[in-house]
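Given next are the chains, with one letter for each unit.
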Amino acid sequence: QVVFALNQTLFQQESLRAGSFQIPYTTEDLIKHYNCGDLSSIIFNHDTSQVPNFINATLPAHERITAQEIDSYFRQELIYKRNERMGRRVKDLLEEHPDKSFFFAFGAGHFMGNNTVIDVLRREGYEVEHTPAGQTI
């Protein structure tokens, strides 16, 4: 599976470089939506936007199954579990120091897809607000 994942990642990068494959959004799109607080944008709700897309129609059936397994593993291990850990750490800090104020900043990747850090904190009963760029806190 490791060799398959590496080969597919290289194939995807080569396709990007050659112009035969395009990412549906740019870094500028991510920044714009993030700065505007538009976290419900399709960009941020696309579950696999943070991980390489190994699944494509040209793969033979047995390789598509491998690709789905790897995609599921990456999503679970690299995204969901990471966001759960980060959300729990924020919650723990807030509970350990209720008399203190905190400011938490996260990269855009922590707002993408399902089970984001915000989702974790809201499930725990916290109110989470976006602070637009340039706004005084």
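Shown above is the structure to which this text applies.
This text gives an overview of the structure that appears in the document. (Residues numbered from 1 in each chain as written. Predicted model: local features only at pLDDT ≥ 70, side-chain atom pairs only at ≥ 80, totals over all residues. Heavy atoms only, no water.)

1. Comments concerning the overall build of the protein chain
- What the protein chain contains, in helices and strands, is five helices and zero strands.
- Order of helices (α) and strands (β) in the protein chain, N terminus to C terminus: α-α-α-α-α.
- For the protein chain, the residues scored as buried account for 28% of the 137 residues in total.
- Counting only contacts in the protein chain whose residues sit at least 6 apart along the sequence, the fraction spanning at least 24 positions is 62%.
- Carbon and sulfur atoms form 53% of the exposed surface of the protein chain, whose accessible area is close to 9300 Å². (Helix = DSSP H or I, 4+ residues; strand = E, 2+ residues; numbered from the N terminus. Buried < 20%, exposed > 50% of the residue type's maximum accessible area, 1.4 Å probe, protein only. Contact = heavy atoms within 4.5 Å. Areas by Shrake-Rupley, 256 points an atom, 1.4 Å probe, with all protein chains shown as cover.)

2. Things to note about the packing of aromatic side chains
- Under the criterion given, the structure shown has two aromatic pairs.
- Residues F102 and F104 carry aromatic rings whose centres are separated by 5.5 Å and whose planes lie at 10° to one another, so their mutual orientation is stacked.
- You can call F104 partly exposed: its relative accessible area is 31%.
- Both rings, one in F104 and one in F106, keep their centres 6.5 Å apart while their planes meet at 15°; by these two values the pair is stacked.
- Three or more aromatic residues link up through ring pairs in this structure, and these residues are F102, F104 and F106. (Phe/Tyr/Trp six-rings, centres within 6.5 Å; stacked < 30°, edge-to-face > 60°.)

3. With respect to the layout of surface pockets
- Considering only enclosed or pocket space, the largest pocket measures out at about 770 Å³ in volume.
- Around the largest pocket sit 24 residues that line it, and F103, F104, V128, E129 and T131 are the ones nearest its centre.
- Listing elements by their share of the lining of the largest pocket, those giving two or more residues are α2 (27-35), α4 (61-96) and α5 (117-123).
- The leading source of residues in the lining of the largest pocket is α5, at four residues.
- The residue makeup of the lining of the largest pocket, split by class, is 18 nonpolar, three polar and three charged. (1 Å grid on protein atoms, 1.4 Å probe; cavity = no way out; pocket = protein on both sides within 12 Å on 5 of 7 lines; lining within 4 Å. Points joined across faces, edges and corners; volume = space filled by probe spheres on them. Nonpolar A, V, L, I, M, F, W, Y, C, P; charged D, E, K, R; others polar.)

4. Observations concerning the pattern of salt bridges
- Inspection of every chain in the model, using the stated rule, returns four salt bridges.
- Of the charged contacts, one joins E77 and K81 as a salt bridge, the two residues approaching to 2.8 Å between their closest N and O atoms. Highlighted residues: E77 and K81, both in helix α4, separated by four residues, approximately one helical turn.
- Of the charged contacts, one joins E84 and R123 as a salt bridge, the two residues approaching to 2.5 Å between their closest N and O atoms. Highlighted residues: E84 in helix α4 and R123 in helix α5, separated in sequence by 39 residues.
- Residues participating in the shared-partner salt-bridge network are E84, R88 and R123. (Salt bridge = Lys/Arg side-chain N within 4 Å of Asp/Glu carboxyl O.)

5. Brief notes about the side chain of T116
- Looking at where T116 falls in the secondary structure, it is placed in the loop between α4 and α5.
- Using a relative accessible area of 5% as the deciding quantity, one classes T116 as buried.
- Dropping the residues within four chain positions of it, T116 is found in contact with N83, H110 and F111.

6. Overview of α4
- The end-to-end C-alpha distance of α4, which contains 36 residues, comes to 51 Å, matching closely the 52 Å that a straight helix rising 1.5 Å per residue would cover.
- In the structure, α4 departs most strongly from a straight axis at Q76, where the bend amounts to approximately 30°.
- Three or more residues of α4 are buried, namely A67, I70, D71, F74, R75, I79, Y80, N83, G87, V90, K91 and L93.
- Buried-residue contacts for α4 involve α1 (2-18) and α5. (Expected span 1.5 Å × (residues − 1). Bend = angle between axes of the 7 residues up to and from the residue.)

All we've got here are geometric facts, nothing functional implied.
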